[in-house]
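Listed here are the chains, written in short residue letters.
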Amino acid sequence: MSFWATCAGMVAVTFGSRLAGLTLHRELPPFWLRFLHFVPIAVFAALVTPSLGGSRGEGGIRVVAAAIGALAAWRTRQLAVAIAVGMAAFWLLRLLPG
Amino acid sequence: MTPLWLGVIPFGIAYAVLARDAGLSLVETQALSLLVFAGSSQVSAVGLFGRGAGGSGIVFTTLLLNVRHVLYGLSLGRRVQMTRRERLVAAFFLTDEAYGVSIARGARSFPFVLGAELSLYLTWNVATLGGALLGGVIPDPERIGVDFVFPLAFLALLVPLLRRRVDVLVAIVAGALAWLLARSLPGGLPILCAGVVGSLLGALLTKGEQR
């Protein structure tokens, strides 16, 4: 699939999801409402783990830096702060010898 | 609204740098921000582009990432009176942040919702342009660890969602499953499987609860 076909597909499913909720008049069954609640939790977690270790043999450093970033996210609830703290921890840990 | 913009700017820049690193052109990087306008799925899409994943896998992952908007729409549609045309416009620009602000400030009118949405749209696209230009001049973004922004950003999006024990359990199961599957399956498939299995598990474990 070319870039533009993929982009069109992404637009369709994103706009579709956004419009579905706004135009739906019937209530969804409780099971599917609960399912939808857990979708972002499961998907965000699934996006983190495979790319956490990286491909440059710095797995240990990256896991520690990610934990520090997660702590910042938990304390501040600010995406920008969490990314900044996590990246700073990552760069500092890289400077350590051995 | 200011703290929201603060969060969007570095995320937008990071997205665009990652996109350029994955081989997308300036126009392609900007097009996703202008047309799709969904930060987390744009970041995951360029990650998958970079790993050479197929288009259908990317679209499926996007669907899974954005299906939460159904919930936002259901909630917002009940609070704010809108005409059919207004619903189309509000839907195109709907994001987590715009929904959050509209609910937190008790929005009752379409102009309020649209104002929140458009301010985020503008900020996101300006940040994208800045990052795309920046990404073009950094010689080797991987060497300074730009790819680490990817798991970090999703971790930062995940953590505030973990309010109850069952939320944490679902995150651990989905994360572990994706990690295991990613060793043998390509592209977006591990995310799709772990996302569906994790959500089913959560829905089954909370049976009998009213949400």
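The rules behind the values
- Residues numbered from 1 in each chain as written.
- Chains lettered and ligands numbered in written order.
- Predicted model: local features only at pLDDT ≥ 70, side-chain atom pairs only at ≥ 80, totals over all residues.
- Core = buried A, V, L, I, M, F, W, Y, C linked by C-beta atoms within 7 Å.
- Buried ≥ 20, exposed ≤ 12 C-beta atoms within 10 Å, placed from the backbone.
- Helix = DSSP H or I, 4+ residues; strand = E, 2+ residues; numbered from the N terminus.
- Contact = placed C-beta atoms within 7 Å.
- Axes fitted to C-alpha atoms, helices over the stretch in contact; angles between N-to-C directions.
- Parallel < 35°, antiparallel > 145°, perpendicular 65-115°, else oblique.
- Left-handed = near helix turned anticlockwise from the far one by under 90°.
- Nonpolar A, V, L, I, M, F, W, Y, C, P; charged D, E, K, R; others polar.

K.L.:
A description of the nonpolar core should follow, citing residues and the corresponding values.
P.N.:
Judged by nonpolar contacts, the single largest core of 94 residues is most densely connected at Ala 42 of chain A together with Leu 18, Ala 153, Leu 155, Ala 156 and Leu 158 of chain B. Broken down by element, this core gets its largest block of residues, 13 residues, from helix 2 (residues 30–52) of chain A. With residues up to four places along the chain from it excluded, the contact list for Ala 42 of chain A reads Val 170, Ala 174, Ala 194, Gly 195, Gly 198 and Ser 199 of chain B.

K.L.:
Mind laying out the packing of helix 3 (residues 59–76) of chain A against helix 9 (residues 149–158) of chain B, listing which residues take part and the relevant values?
P.N.:
At a minimum axis separation of 9 Å, helix 3 of chain A and helix 9 of chain B run at an interaxial angle of 30°. Taken as axis vectors, helix 3 of chain A and helix 9 of chain B run roughly parallel relative to one another. As helix 3 of chain A runs across helix 9 of chain B, the sense of the crossing is right-handed. Across the interface between the two elements, Ala 66, Gly 69, Ala 70 and Ala 73 of chain A from helix 3 of chain A touch Pro 151, Leu 152, Leu 155 and Ala 156 of chain B from helix 9 of chain B. Here the contact of helix 3 of chain A with helix 9 of chain B is composed, by residue class, of seven nonpolar, one polar and no charged.

K.L.:
Give a detailed account of unusual backbone geometry, specifying residues and quantitative values.
P.N.:
One non-glycine residue with positive phi stands out, namely Arg 77 of chain A, at about 60°. Position of Arg 77 of chain A among the secondary structure elements: in the loop between helix 3 and helix 4 (79–95). Its 14 C-beta neighbours within 10 Å are what place Arg 77 of chain A among the partly exposed residues. One non-glycine residue, Phe 37 of chain B, lies in positive phi territory at about 50°. Secondary-structure assignment places Phe 37 of chain B in the loop between helix 2 (26–35) and helix 3 (39–50).

K.L.:
Describe the interface of chain A and chain B, and please don't skip the residues or the numbers.
P.N.:
Counting residues at the interface gives 56 residues for chain A, matched by 78 residues for chain B. Elements supplying a minimum of two residues to the side of chain A that touches chain B: helix 1 (3–23), helix 2, helix 3 and helix 4 of chain A. The leading source of residues in the side of chain A that touches chain B is helix 2 of chain A, at 21 residues. Residues belonging to the side of chain A that touches chain B are distributed by class as follows: 39 nonpolar, 13 polar and four charged.

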